[in-house]
Amino acid sequence: MTDNLGTRGWLILVTLCGATFMTGLDFSVVTVALPEIGRDLDFASTGSLQWVATACLLPTASLLPLFSRVSDLIGRRRLFILGVALFSAFSLIAGLAAGPAMLIAARAGQGASAAVIAPTAIALMTTVFPEGPQRTKALGVNGAVLSLGFVLGTLGGGVITSGLNWRWTMLILVVIGAVVLIGAIILLPGTATRSAARLDIPGAVLASIGLFALVYGISTGADAGWVSAPTAGSLALAVLSLSALLLVERRHTAPLIPLNLLTTPTVKWGGLIGFITLGMCGGTTVLLSLYMQDVLGYSALTTGAGFLAEGIAALVGGMLASRLITSWGKVGAMATGLIVQGLGTGTMFLLPEKNGLALLLLTSGAMGFGHVLTVVSFITTMTSGLRDDEQGIASGLSQLPQFLGAIGTAGLAAIVTARAKSLSTTTSSALATLGGLHAAMLTAGIVCLGGAMLAVLTLRPSVTEAR
């Protein structure tokens, strides 16, 4: 089977990837622009300013299962178009925000819209492009474009806020959204199959509450304290809600998340591999930012440029993913990607206090390449061998690890803090921080290598390739 997508196929893929690019760009560009936003809109504190990012993250993570299932019920094309239209509208409101409340509300709207776009974009790819080389190529390009959005957002956020105004970071999204919307209306085919089942309202409520509480607890735990009442209460609510969800889903005739799908090896273990690669890469990327700014003394703009190797290598990894998966199989490519990511991340243990740019670029490039190869492999694995009416929820489940991966960021940050604190009494602040970063980076590398072993042991090629 050829991986040639044809002219119309490429136009459809560009449209779907444009939406992915838009949401990826949004996250990174806003993170860079936060200080300027705080000064311009007179945010009361750093804590309240952080809600500009958190207000977008929480609804995206908590509403993913709901909209994944809704896409199977009402049609992915119409839901995708609605999501892009809403995202563009809320981006315009954010760009014109007159104060903190208006901006945070608009960011929440962007987050809810992203929860519509993320699963439907992947589900449309898996239905438009047949299983095999074409689908793998489409998912590989999507992974590459997502990485490009991160890099351009990190660099562009600094350039735009320095040369223009932070509002342009939102207004650019409006332009991209308009182009994607036109392409979606003209090019995207209607969904051939829809589920006749009714929406599982109790499951939707419990899933949304549980995921909201889980991501909120993880996102605020480091600052508020892991044993503080808000964090502990949020995590407890998450455990109770998600446990209740499992009980409800067992009895529902048409569950929001079919338990037989969750127990499918490719979905269960593929999702865990996704959690590992996304958690360790996301967390290490934060550590690299700390290394460049707190140890090497880079400015925010120079730090953004320091991520170029990671982004370019990830872009290359996404473009080559289809060929590598075809040659090595999904499990082989997944394990190889995790090994490369693990070796690149673990070698960061050698990053020096001064003049560390060369090693930084080499190791972060290896991490980026291995990470995207793993991402494309695990999403391909999770969405293979399923019925058309299961693609929506499976695509949503494949997107969840990137939000739950914040657990990895929190864990690595805790290692940095503990190790730096133990070293602070015997060395300088910079060296203590570096020691903490080394410990966390080495840990991330070991976890990735463990993930590679897990992939080989649980996702046997004979099983996954048959699916």
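Up top you'll find the structure we're talking about.
Everything quoted here is computed from the prediction, not taken from an experiment. (Residues numbered from 1 in each chain as written. Predicted model: local features only at pLDDT ≥ 70, side-chain atom pairs only at ≥ 80, totals over all residues. Heavy atoms only, no water.)

All right, on to the overall build of the chain then. Scanning the chain from terminus to terminus reveals 19 helices and 0 strands. For 467 residues, the compact-globule estimate of 2.2 N^0.38 gives 23 Å, and the chain sits close to it at 21 Å. With the principal axes as the frame, the chain shows a C-alpha extent of 65 × 50 × 45 Å. Counting every position in the chain, which comprises 467 residues, the buried fraction comes to 55%. Long-range pairs, those at least 24 residues apart, make up 84% of the contacts in the chain between residues at least 6 apart in sequence. Counting only carbon and sulfur atoms, one obtains 69% of the accessible surface of the chain, whose full area is about 18,500 Å². (Helix = DSSP H or I, 4+ residues; strand = E, 2+ residues; numbered from the N terminus. Rg over C-alpha atoms; globule rule 2.2 N^0.38 Å. Buried < 20%, exposed > 50% of the residue type's maximum accessible area, 1.4 Å probe, protein only. Contact = heavy atoms within 4.5 Å. Areas by Shrake-Rupley, 256 points an atom, 1.4 Å probe, with all protein chains shown as cover.)

To continue, consider the layout of surface pockets. Empty space within the second largest pocket amounts to approximately 730 Å³. Along its surface, the second largest pocket is lined by 24 residues, and L211, L262, L397, L400 and L404 are the ones closest to its centre. Elements that contribute at least two residues to the lining of the second largest pocket include exactly helix 8 (201-224), helix 9 (229-251), helix 10 (259-262), helix 11 (265-295) and helix 16 (401-404). In terms of residues, the lining of the second largest pocket owes the most to one element, helix 9, which gives 6 residues. (1 Å grid on protein atoms, 1.4 Å probe; cavity = no way out; pocket = protein on both sides within 12 Å on 5 of 7 lines; lining within 4 Å. Points joined across faces, edges and corners; volume = space filled by probe spheres on them.)

Bringing the environment of L256 into the picture now. Along the chain, the position of L256 falls in the loop between helix 9 and helix 10. When its relative accessible area of 0% is taken as the criterion, L256 is described as buried. Put simply, L256 and G83 are 173 residues apart on the chain and 20 Å apart in space, counted from C-alpha to C-alpha. What L256 contacts, discounting residues up to four positions off in sequence, is P65, L66, R69, L199, D200, G203, A204, A207, E249 and I393.

Counted at 1.5 Å a residue, the expected span for helix 17 (residues 406-423) with its 18 residues is 26 Å, and the 26 Å between its end C-alpha atoms agrees. Taken together, the buried positions of helix 17 are occupied by G408, A410, L412, V416, A420 and L423. (Expected span 1.5 Å × (residues − 1).)

Next up on the list: unusual backbone geometry. For residues besides glycine, phi is generally negative; the peptide bonds are generally trans as well. Despite not being glycine, N355 has its phi angle at roughly 55°, a positive value. Mapped onto the fold, N355 is located in the loop between helix 13 (308-347) and helix 14 (357-382).

Across the interface, helix 4 (residues 76-95) lies against helix 7 (residues 167-187) with an axial gap of 8 Å and an inter-helix angle of 160°. Of the possible angle classes, the one that applies to helix 4 and helix 7 is roughly antiparallel. Crossing of helix 4 against helix 7: the hand is left-handed. Contacts from R77, F80, I81, V84, A85, F87, S88, S91, L92, A94 and G95 in helix 4 reach R167, M170, L171, L173, V174, G177, A178, V180, L181, A184 and I185 in helix 7. Residues belonging to the contact of helix 4 with helix 7 are distributed by class as follows: 16 nonpolar, 4 polar and 2 charged. (Axes fitted to C-alpha atoms, helices over the stretch in contact; angles between N-to-C directions. Parallel < 35°, antiparallel > 145°, perpendicular 65-115°, else oblique. Left-handed = near helix turned anticlockwise from the far one by under 90°. Nonpolar A, V, L, I, M, F, W, Y, C, P; charged D, E, K, R; others polar.)

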